[in-house]
Amino acid sequence: MKSIKTKLLLFIVLMISIPLAISGYFATRIAESVLKVKINDSNQAALSVLNKYVSSFKKDTESMLYILSQSSVISDYDEKTVTDEAVLKKLEEAKKAMPDAMNVYFATPSKKMILYPPQDLGDYDPTERPWYKDAVNAKGEPVWTKPYQDFVTKLPEITVAKAVFDSSGNLKGVVGIDITLEQLSKNIASINIGKTGYLYILTKDGTFIVHPKKDMLFTSIYKYDFGKKIMEANNSTVYYTFNGAYKFASVRNLEAFGWKAAVAMENEELVRDMNKITNFIITVSIVILLIGIVIAYFFSNSISSG
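Residues numbered from 1 in each chain as written. Predicted model: local features only at pLDDT ≥ 70, side-chain atom pairs only at ≥ 80, totals over all residues. Heavy atoms only, no water.

Quick notes on the overall build of the chain
Reasoning step 1: Helix and strand counts for the chain stand at seven helices and eleven strands.
Reasoning step 2: Within the chain, the fraction of its 306 residues that count as buried is 42%.
Reasoning step 3: Put simply, of all contacts in the chain between residues at least 6 apart along the chain, 54% involve residues at least 24 apart.
Reasoning step 4: For the chain, the accessible area works out to roughly 17,200 Å², and carbon and sulfur atoms hold 59% of it. (Helix = DSSP H or I, 4+ residues; strand = E, 2+ residues; numbered from the N terminus. Buried < 20%, exposed > 50% of the residue type's maximum accessible area, 1.4 Å probe, protein only. Contact = heavy atoms within 4.5 Å. Areas by Shrake-Rupley, 256 points an atom, 1.4 Å probe, with all protein chains shown as cover.)

In structure tokens, the structure reads:
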């Protein structure tokens, strides 16, 4: 009878523990999947805000450029009826209206360069510069350069330029604005995402132009094994290993310039949350199993004694 009691007790325990183990396993996997989706959704929400900010930045800058190009001292400039001082004053007004503008200038087909703040440019020929040629070829539409490293500050800058034509279609010159991305970098570097997360921005060719670590600026993501994965991602999540740590990045395209923004996080952050869920499931399973064992013991006793 004792053997039957033991077998019955063992059978009941197995009937309780096996479903608990299976359900616990699948509950953990489901929880992991839900956590990944939740974290990625949260990261994508932050990236969406950044995308709107960059689009707004582009739109506002181009609006300022249009206003500047349509001012009479620029559109009617002929080096006779309009003085350089009047143009310089208009450029000063534009710079004061744009805190992130480094330089505002007007270049003429005669190779004259009126620049604010004033600088000694020597024999500088603006008509040979890519921004000037691209603006002329764009026929009055704004053109943006690729982000580049400022010679003095070593920080990222970008230039927007627009050709100005008179009513007869004659080229009057090109207005341009050099804009620092330093403030954008500072704003992004100050964003804390989770405990290990950080945000960075890449150009179309995979060059870092915004990163919390300044020594990463103007280096290429392609020098890392995961670089290609990041650049090929389209508003999705990428998993990779870096310096021995398993990480993941939520990537989003920034439509305004064709750049990419990414939130990188260590998988350990996901594991910490998963461990809390796993420990809870294990604790609940043990409690249920112990209750089941007690019930099975009394149940088997009642059968054996009957």
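Observations concerning the pairing of strand E1 (residues 101-107)
Reasoning step 1: Counting buried positions along E1 gives six out of seven residues, so the element sits mostly inside the fold.
Reasoning step 2: In this structure, E1 lies alongside strand E6 (residues 171-180), joined through six bridges in antiparallel fashion. Within E6, the residue paired with Asn103 across the bridge is Asp178.
Reasoning step 3: Across four bridges, the pairing between E1 and strand E2 (residues 113-116) is antiparallel. What sits directly across from Ala107, in E2, is Met113.
Reasoning step 4: Counting the residues that bridge the hairpin from E1 to E2 gives five residues, and of these Lys111 lies at a positive phi of roughly 75 degrees. (Pairing = 2+ DSSP bridges.)

Some thoughts on helix H3 (residues 84-96)
Reasoning step 1: Relative to the 18 Å expected for 13 residues at 1.5 Å per residue, H3 spans 18 Å between its end C-alpha atoms, a close match to the ideal helical length.
Reasoning step 2: Turning to H3, its buried residues are Val87, Leu91 and Ala94. Buried residues in H3, looked at end-on, bunch into an arc of 55 degrees, giving them a common side. Exposed residues pointing more than 90 degrees away from the buried face of H3 are listed as Glu85, Lys89 and Lys96. (Expected span 1.5 Å × (residues − 1). Arc of directions from axis to C-beta.)

Comments concerning the confidence of the model for the chain
Note: predicted coordinates in regions of low pLDDT should not be interpreted at a detailed level.
Reasoning step 1: With 77% of its residues at a pLDDT of 70 or more, the chain shows a mean pLDDT of 83.
Reasoning step 2: No element of the chain has a lower mean pLDDT than helix H7 (residues 267-305), at 64, and none a higher one than strand E3 (residues 143-144), at 96. (pLDDT = per-residue confidence, 0-100.)

So, the sheet that holds strand E11 (residues 259-266)
Strand pairs in the sheet, formed through backbone hydrogen bonds, run parallel or antiparallel to each other.
Reasoning step 1: The sheet built from five strands is open, its strands ordered E8-E7-E11-E10-E9 with antiparallel pairing. Edge positions in the sheet fall to strand E8 (208-210) and strand E9 (237-242), since each of these pairs with one other strand and no more. Across the sheet, the mean angle separating the axes of adjacent strands is 35 degrees when strand polarity is ignored. (Axes fitted to C-alpha atoms, helices over the stretch in contact; angles between N-to-C directions.)

Observations regarding the pattern of salt bridges
Reasoning step 1: Inspection of the entire model under this criterion finds six salt bridges.
Reasoning step 2: Between Asp84 and Lys112 there is a salt bridge, with the nearest N and O atoms lying 3.1 Å from each other. Residue Asp84 is found in helix H3, and its partner Lys112 is found in the loop between E1 and E2; the two are separated by 28 residues along the sequence.
Reasoning step 3: The class for Lys112 is partly exposed, based on a relative accessible area of 26%.
Reasoning step 4: One salt bridge connects Glu93 with Lys90, and the closest N-O pair in it is separated by 3.2 Å. Of the two residues, Glu93 and Lys90 both sit in helix H3, three residues apart, roughly one turn of that helix. (Salt bridge = Lys/Arg side-chain N within 4 Å of Asp/Glu carboxyl O.)

Concerning the nonpolar core
Reasoning step 1: Counting 44 residues, the largest nonpolar core has Leu50, Ile201 and Trp259 as the members making the most contacts within it.
Reasoning step 2: Top element by residues in this core is helix H1 (residues 2-70). It accounts for eight residues.
Reasoning step 3: Discounting chain neighbours no more than four positions away, the residues touching Leu50 are Leu184, Ile188, Leu199, Ile201, Leu254 and Ala261.
Reasoning step 4: Listed in part, the 16 residues of the second largest apolar core include Leu202, Tyr224, Val238 and Ala262. (Core = buried A, V, L, I, M, F, W, Y, C linked by side-chain atoms within 4.5 Å.)

Quick notes on the packing of aromatic side chains
Reasoning step 1: The tally for this structure, following the rule as stated, stands at 15 aromatic pairs.
Reasoning step 2: Seen from their ring centres, Tyr224 and Phe242 are 5.5 Å apart, and the 90 degrees between their planes marks the pair as edge-to-face. Note that Tyr224 is positioned in the loop between E8 and helix H6 (227-232) and Phe242 in strand E9, a separation of 18 residues in sequence.
Reasoning step 3: With a centroid separation of 6.3 Å and 20 degrees between ring planes, the pair formed by Tyr239 and Tyr246 is classed as stacked. (Phe/Tyr/Trp six-rings, centres within 6.5 Å; stacked < 30°, edge-to-face > 60°.)

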